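Chain residues, written in single-letter form:
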Amino acid sequence: MLHRFVHQERIAYFTMEVALRNEISTYSGGLGVLAGDTVRSAADLELPLVTVSLVSRQGYFRQSLDAEGRQIEHPDPWEPARFAQPLPAKVSVPIEGRVVWVAAWLYVLESHRGGRQPVILLDTSLPENAEPDRAITDYLYGGDPTYRLKQEAVLGIGGVRMLYALGFRVRQFHMNEGHSALLTLELLERYAYPPEDVRPGELRYDIPRVRELCNFTTHTPVEAGHDRFPYDLVQRVLGDFVDLPTLKQLAGAGELNMTQLALSMSEYINGVAKRHAETSRRMFPGYQVRAVTNGVHPFAWTAPPLAKLYDAHVPGWCHEPELLVRAECCIGDEAIWAAHREAKAALLDKVATLSGVRLDADTAMLGFARRMTAYKRPELLFSDLERLASIATNHRIQIVLAGKAHPRDEGGKRAIEQLHRHIRALSGRVRVVFLPNYDMALALLMVSGVDVWVNTPLRPLEASGTSGMKAALNGVPSLSVLDGWWVEGRIEGITGWAIGDDDGPGERDAESLYDKLERVVLPLYYENRAGWIAVMKGAIAKNGSVFNSHRMMRRYATDAYIR
Ligand SMILES: *Cc1c(COP(=O)(O)O)cnc(C)c1O
């Protein structure tokens, strides 16, 4: 199988997480889903990529919740042999003075159109490794900084070695976030000048040559999203592999900053929405940060009833999602509404199964689901329970929530518990349910089944956000703070609605959210069905046609990969 992929030069796409399919929990949230959509679009468009990630045998975690809303984390293992083939190569990475062997699995992602994409999943669970080293590729984002640095060494250094050992010819490297930035050090070694050409005091590395090969996408302005490792730890783990004076020049004098390393070593750098590129330029002065706004995979993120509708009225839409601009005039109101009712019914069934609560098909349903973490402000919608209850008295509403908190994000976990207290406080007045274990399957049901997708990040911390794009593909408009992709996607009253304004500190966002709901969104939903369906169509035609990963990958191809 491998021989199919090595004959052609490829773009090596490195990512710590990748959402290949729902049963394989090698992803934690938006970054992994984006990586999966990248590979899915590359498969449809037959772009020559090879993706490199870790096998993450124990996954991220499966979430359950007790009655108080306390998150319980279970391992979420998967069996690589069920989905992937073992590859006939082994490479080694120096870790803590030991040789750690790395093997690989080949997962082939197949497009519904027949295209295929190779995904290389690195694995240290080998009998020749010491017991603790076998676990390096077990838990996605697990463990302490030492464990994380070992994982990043396997991904970056082991990944490059593995690609060459397997016979891949790499045209460009693309780092999806800074986790894989150690790959640049391995490339520096590979392209170092021969010792006899280096004069005293000269650097033996050909930095411009390596930089020419590297592309870096930064994904978040949030500090915790940028890995930093103290240099004594780096020396303990990587030993002689690193040339410390050079590394300090490239990655920061005080500590190894993986983002800094990726920035220093990449010719092409981008943020994931226009607003995010502006924010990143302020964060990293001196670097030219471009923007490639994220997108979502059209086929993967369109619920079956809507896909059937587009097949009938906009044939070719999932290969050429630009065609969705035709949704506005080519699809009848009744047909859109019927497809949406069907998607809503599927969500209502899922809610009943998971929570025992039967929500109502004729009541406006708000959805909010994301990684539970402070800047996403999951509590904003509940900041004035009396106001929310009074809105629900005048215009019926029901709310569906979901989301995982990272096991070490205590604030995120407290937010889930707080939401459960709000649910109890509103009981009898507003029906609110929190669904456990938000994953890709639940996400598709939610983004297509609710009536309005709510998003309340603290500006400017939402680099892009992608779930609102998924909602738009299904004709579900967003009510969202103007951050990330929504700055580009929102046309007020036509594709959805803004919460608050475009600048300022966001202190009045809750009030704005309640006002919009009460005065604009809910009256339109209940009193002007034709007007409502026009907004649904606006979301499909003006957002779905643009914020998809086909457009995104064509942009990466023309701007980054071919330059
Ligand atoms: C799309 C998706 C996300 C990312 O959503 P955001 O809007 O970026 O917060 C996270 N988790 C899952 C399971 C998803 O499908």
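Residues numbered from 1 in each chain as written. Predicted model: local features only at pLDDT ≥ 70, side-chain atom pairs only at ≥ 80, totals over all residues. Heavy atoms only, no water.

### Some remarks on helix α22 (residues 549-561)
In an α-helix there are 3.6 residues to a turn, and that puts residues three or four apart on one side. The end-to-end C-alpha separation of α22 is 16 Å, well short of the 18 Å expected for 13 residues at 1.5 Å each. Those residues of α22 that fall on the buried side of the exposure criterion are S549, H550, M552, M553, Y556, A557, A560 and Y561. The arc that holds the buried residues of α22, viewed along the axis, is 160°, so those residues lie on one side. Those residues of α22 that are buried lie in contact with β1 (10-15), α2 (30-45), β2 (49-54), β9 (170-176), β10 (214-217) and β13 (268-271). N-capping of α22 is provided by N548, with a side-chain oxygen placed 3.2 Å from the backbone N of H550. (Helix = DSSP H or I, 4+ residues; strand = E, 2+ residues; numbered from the N terminus. Expected span 1.5 Å × (residues − 1). Buried < 20%, exposed > 50% of the residue type's maximum accessible area, 1.4 Å probe, protein only. Arc of directions from axis to C-beta. Contact = heavy atoms within 4.5 Å. Polar contact = N/O pair within 3.5 Å; in protein donor to acceptor, adjacent residues only side chain to side chain.)

### Quick look at the pattern of salt bridges
Scanning the entire structure with this criterion turns up 40 salt bridges. E212 is paired through a salt bridge with R563; the nearest N and O atoms lie 3.1 Å apart. Highlighted residues: E212 in helix α7 (residues 207-213) and R563 in the segment after α22, separated in sequence by 351 residues. When its relative accessible area of 40% is taken as the criterion, E212 is described as partly exposed. Between E492 and R490 there is a salt bridge whose closest N-O contact spans 2.7 Å. Bridged by salt links that share partners, the residues E96, R98, D133 and K150 form one connected network. (Salt bridge = Lys/Arg side-chain N within 4 Å of Asp/Glu carboxyl O.)

### Some thoughts on the site of the ligand
In the region of the ligand, 14 residues are neighbours, and R370, K376, T466, S467 and K470 sit closest. Take K470: an N or O atom from its side chain is 2.6 Å from an oxygen atom of the ligand. Against a free-state accessible area of 390 Å², the protein chains account for coverage of 94% of the ligand. Counting residues per element, the ones that place at least two in the shell around the ligand are α2, α17 (440-449) and α18 (467-473). Per-class residue counts for the shell around the ligand are 5 nonpolar, 5 polar and 4 charged. Two domains each put at least three residues into the shell around the ligand: domain 1 (2-295 + 552-561) and domain 2 (304-547). (Near = heavy atom within 4 Å. Areas by Shrake-Rupley, 256 points an atom, 1.4 Å probe, with all protein chains shown as cover. Nonpolar A, V, L, I, M, F, W, Y, C, P; charged D, E, K, R; others polar. Domains from an automatic or database assignment.)

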